[in-house]
Structure formats: C-alpha cells, structure tokens
Amino acid sequence: MWGIRGHVEAVALLKRGLEQGRLAHAYLFLGPAGVGKATLALALAQAVNCPGPDPPCLQCSSCLRIQAGVHAGVQTIAKARTGISIDQVRDLQHDASLKPFEGRFRVFILDAVEAMTREAANALLRTLEEPPDYVLLALLATDGEAVPQTVRSRCQRITLLRLPGEEVAAALREE
C-alpha cells in the first residue's frame, strides 16, 4: 500500500482523505529519526500528483519523477546550520504563489521544523492559514513539543512509531 512498510493507520488516513477529496492543507509528521516521515511525505506527494485511477501507482512519470527528486511541483526544504531560515520560508511563499505546471499540487516538505527559527515560523503562519488550493505542506519533526504551538495548531498531526522488529525482519526477508 503506497509502497510504505508499516504505518498502516497513517497511510489509511491519508488515502481516505485523498479518496474523499478532504485532504488537509498541512500535515505535521512526528516521530523518531529514521521512522519514515520523509518517505510518507513523498508518498503523499506522489498520491496527490499521480494521474492514475488508484494513486499513487508508483509507475507513472509523475510518481517516478517525485521518487527521483526531480518533479517541479515537489520541493524539500531542509534545515540549514541554524535551522530553517526566514529566507527559506520566503522562497517557499513565493513558490507557493505560483500555480503548478507539473502535476495538480505543489507539495512542500519541510524537514526538521522543530529547528525553524522564530522568524521563519512566524512567516510560515500566513501560508499555513491561507494556503492556495493547490498547495500541500508536509512538516517533519522528531520533537512535536519543540514545534511552535502556532504552527502545530494549523496542521493535522500524524505520529509515526518505530516498526516492530518482526515487521522489519519480514520486510528484509522479502527484499
């Protein structure tokens, strides 16, 4: 399902939202490092931009381009040395104002939002409060309490837990 191992509830929630046309405009993926937050965010980007009847198909040009990191409508914003800066958020806001020319949605994945500067968090609020219809934000954090409350309150939270050892072993054997 979606090319994701485990996280059945999180995938089901996102899939149901997509099928019903009721996706949130912003998701906050919480969980320990290496649990699959970025993988799930990319799968969501594939799902909203896949032209197939049961997205994500993981086979079409859009899905493959997103997986390869070369899709024009999907951007990952990683923290700089001092965290996500206000300049990075301003660039995001500018890019978010442009309609997608590849795919249906512009998806912005912000990694390590708990390291966002206060100025960046305040600047991001405008986009979180009034996003264009074609923009989807996926914020990734290991420590939800370190994410400013003003940002947390404007996102739908999805908590990911480590997979049980048996599941990891089964996946490795399968591969």
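Residues numbered from 1 in each chain as written. Predicted model: local features only at pLDDT ≥ 70, side-chain atom pairs only at ≥ 80, totals over all residues. Heavy atoms only, no water.

Q: Break down the overall build of the chain for me, citing the residues and quoting the values.
A: Each helix and strand in the chain was counted, giving seven helices and five strands. Along the chain direction, N to C, the helices and strands of the chain fall in the order α-β-α-α-β-α-β-α-β-α-β-α. Rg of the C-alpha trace for the chain: 16 Å, near the compact-globule value of 16 Å for 175 residues, within the 12% margin. Seen along its three principal axes, the alpha-carbon backbone of the chain occupies a region of about 45 × 35 × 30 Å. (Helix = DSSP H or I, 4+ residues; strand = E, 2+ residues; numbered from the N terminus. Rg over C-alpha atoms; globule rule 2.2 N^0.38 Å.)

Q: Break down the packing of helix α2 (residues 37–49) against helix α3 (residues 61–68) for me, citing the residues and quoting the values.
A: Viewed as axis vectors pointing N to C, α2 and α3 meet at an angle of 155 degrees, and their least axial separation amounts to 9 Å. Judged by the inter-axis angle, α2 sits roughly antiparallel to α3. The interaxial crossing formed by α2 with α3 has right-handed handedness. The residues of α3 that touch α2, namely those facing Leu 42, Ala 45, Gln 46 and Asn 49, are Ser 62, Cys 63, Ile 66 and Gln 67. (Axes fitted to C-alpha atoms, helices over the stretch in contact; angles between N-to-C directions. Parallel < 35°, antiparallel > 145°, perpendicular 65-115°, else oblique. Left-handed = near helix turned anticlockwise from the far one by under 90°. Contact = heavy atoms within 4.5 Å.)

Q: Can you explain the pattern of salt bridges? Please cite residues and give values.
A: Within the structure shown, the criterion is met by five salt bridges. For Arg 5, the salt bridge goes to Glu 174, with nearest N and O atoms at 3.2 Å. Note that Arg 5 is positioned in the segment before α1 (8–20) and Glu 174 in helix α7 (residues 165–174), a separation of 169 residues in sequence. Across the pair Arg 152 and Glu 145 runs a salt bridge, and its minimum N-O distance is 3.4 Å. Accessibility expressed as a relative area gives 65% for Glu 145, which makes it exposed. (Salt bridge = Lys/Arg side-chain N within 4 Å of Asp/Glu carboxyl O. Buried < 20%, exposed > 50% of the residue type's maximum accessible area, 1.4 Å probe, protein only.)

Q: Go over the nonpolar core with me, naming the residues and quoting the values.
A: Counting 26 residues, the largest nonpolar core has Leu 110, Val 113, Leu 137 and Leu 139 as the members making the most contacts within it. Of all the elements in the fold, those that place two or more residues in this core are β1 (26–30), α4 (86–96), β3 (106–110), α5 (118–129) and β4 (135–141). For this core, the leading source of residues is α5, giving six residues. Once residues within four sequence positions are removed from consideration, Leu 110 is found in contact with Ile 77, Ile 84, Leu 92, Met 116, Leu 124, Leu 137, Ala 138, Leu 139 and Leu 140. (Core = buried A, V, L, I, M, F, W, Y, C linked by side-chain atoms within 4.5 Å.)

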